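Inside the fold
Chain by chain, the residues run as shown.
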Amino acid sequence: MSATAAPTSIVKAASEGERRWFAGGGVHTWKVRAEESNGAFLMFEDRMVQGKVTPLHIHPETDETLVVLEGEILAHLDGTEQRVSAGGLVLATRGLPHAFMVTSPFARLLCVQTPGNIESFYWDASDPIADDVDTGEVDFDRIAASGQRNGGIVLVGPPPFAH
């Protein structure tokens, strides 16, 4: 008979969670690690400044949900673009080419990855920081290399947005 982990309750204040500078741009505050959800999902808050953009990419085995808490993004989903502001949601199902760009001076997203199978990608492509100061350098090569080492993401093109 094998033992399974018992479900765990998690309560975190707005300011709680490990903070990491993500090489794709922005500060992640980790709210639920994959291990804490028995692998069901992972969740982090992403704070970004205007102009932050992602390359066109897919998550082959993960659904990505983005809830816009503050600000506005332009979401590119499989060739279609739509503005999403506070209170809005974007769901990029596994394998769907997508990207986004922050169009407001500041944006804050709640990101949920289901299942929680790509945490090692994010961890390898980020560095711990002490506060919410966006001090890192955007490095899409680091993102691609982490995806190759850890899986979870495949870059399929440059950012699809006209500046």
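This section reports on the structure supplied with the text. Being a predicted model, the structure only gives us computed values, none of them experimental.

**A short note on the pattern of salt bridges**
Throughout the structure, instances matching the rule amount to nine salt bridges. For Glu-45, the salt bridge goes to Arg-108, with nearest N and O atoms at 3.1 Å. Separated by 63 residues along the polypeptide, Glu-45 in strand β3 (residues 42–49) and Arg-108 in strand β10 (residues 106–114) bring together distant segments of the chain. For the pair Glu-45 and Arg-108, a shared accessibility class is recorded, and that class is buried.

**So, the sheet that holds β3**
On the basis of which strands lie adjacent, the open sheet formed by seven strands has the order β8-β5-β10-β3-β2-β1-β11 and antiparallel pairing. The sheet is open, and its two edges are formed by β8 (89–92) and β11 (126–128), each paired on a single side. Here the strands of the sheet are splayed against their neighbours by 25° on average, with no regard to which way each runs. In terms of strand pairing, strand β2 (residues 27–32) meets β3 through five bridges, oriented antiparallel. When the bridges of β3 are listed, Val-32 appears paired with Met-43.

**Digging into the packing of aromatic side chains**
Going through the model one piece at a time under the given rule, you end up with seven aromatic pairs. With 5.1 Å between their ring centres and 40° between their planes, Trp-30 and Phe-44 make a pair best called tilted. Taken together, the residues Trp-30 in strand β2 and Phe-44 in strand β3 connect sequence positions 14 residues apart. By the burial criterion, Trp-30 is buried, and Phe-44 matches it. Ring centres of Trp-30 and Tyr-122 lie 6.2 Å apart, and the angle between their planes is 70°; this geometry places the pair in the edge-to-face category. On the criterion of sequence distance, the pair formed by Trp-30 in strand β2 and Tyr-122 in helix α1 (residues 119–124) is long-range, its members being 92 residues apart. Each member of the pair, Trp-30 as well as Tyr-122, is classed as buried. Across from the ring centre of Trp-123, 4.0 Å away, lies the NZ or CZ of Arg-20, which sits over that ring. Over the face of the ring belonging to Trp-123 we find Arg-33, whose NZ or CZ atom lies 3.9 Å from the ring centre.

**Section: the nonpolar core**
Generally speaking, soluble globular proteins have nonpolar side chains that are buried together. Of all hydrophobic cores here, the largest spans 23 residues; its most connected members are Ile-73, Phe-100, Leu-109, Phe-121, Tyr-122 and Ile-143. Of all the secondary structure elements, the ones that give two or more residues to this core are β3, β5 (63–70), β6 (72–77), β9 (98–102), β10 and α1. Counting six residues, the second-largest nonpolar core is a separate cluster that includes Val-53, Leu-74, Met-101 and Phe-161.

**Focus on empty space enclosed by the protein**
Enumeration according to the criterion identifies two cavities of 30 Å³ or more in this entry. Along its surface, the largest cavity is lined by 20 residues, and Phe-22, Lys-52, Thr-54, His-57 and Tyr-122 are the ones closest to its centre. Counting residues per element, the ones that place at least two in the lining of the largest cavity are β3, β5, α1 and α2 (140–150). For the lining of the largest cavity, the per-class residue count stands at 12 nonpolar, five polar and three charged. The calculated volume of the second largest cavity comes to roughly 30 Å³. Along the walls of the second largest cavity sit Leu-66, Ile-73, Ala-75, His-76, Leu-77, Val-90, His-98, Ala-99 and Phe-100, which together make up its complete lining. The set of elements that each furnish at least two residues to the lining of the second largest cavity consists of β6 and β9. Looking at which element gives the most residues to the lining of the second largest cavity, the answer is β6, with four residues. Broken down by class, the residue content of the lining of the second largest cavity amounts to seven nonpolar, two polar and no charged.

Reading the values: the criteria
- Residues numbered from 1 in each chain as written.
- Predicted model: local features only at pLDDT ≥ 70, side-chain atom pairs only at ≥ 80, totals over all residues.
- Heavy atoms only, no water.
- Salt bridge = Lys/Arg side-chain N within 4 Å of Asp/Glu carboxyl O.
- Helix = DSSP H or I, 4+ residues; strand = E, 2+ residues; numbered from the N terminus.
- Buried < 20%, exposed > 50% of the residue type's maximum accessible area, 1.4 Å probe, protein only.
- Pairing = 2+ DSSP bridges.
- Axes fitted to C-alpha atoms, helices over the stretch in contact; angles between N-to-C directions.
- Phe/Tyr/Trp six-rings, centres within 6.5 Å; stacked < 30°, edge-to-face > 60°.
- Lys NZ or Arg CZ within 6 Å of the ring centre and 35° of its normal.
- Core = buried A, V, L, I, M, F, W, Y, C linked by side-chain atoms within 4.5 Å.
- 1 Å grid on protein atoms, 1.4 Å probe; cavity = no way out; pocket = protein on both sides within 12 Å on 5 of 7 lines; lining within 4 Å.
- Points joined across faces, edges and corners; volume = space filled by probe spheres on them.
- Nonpolar A, V, L, I, M, F, W, Y, C, P; charged D, E, K, R; others polar.

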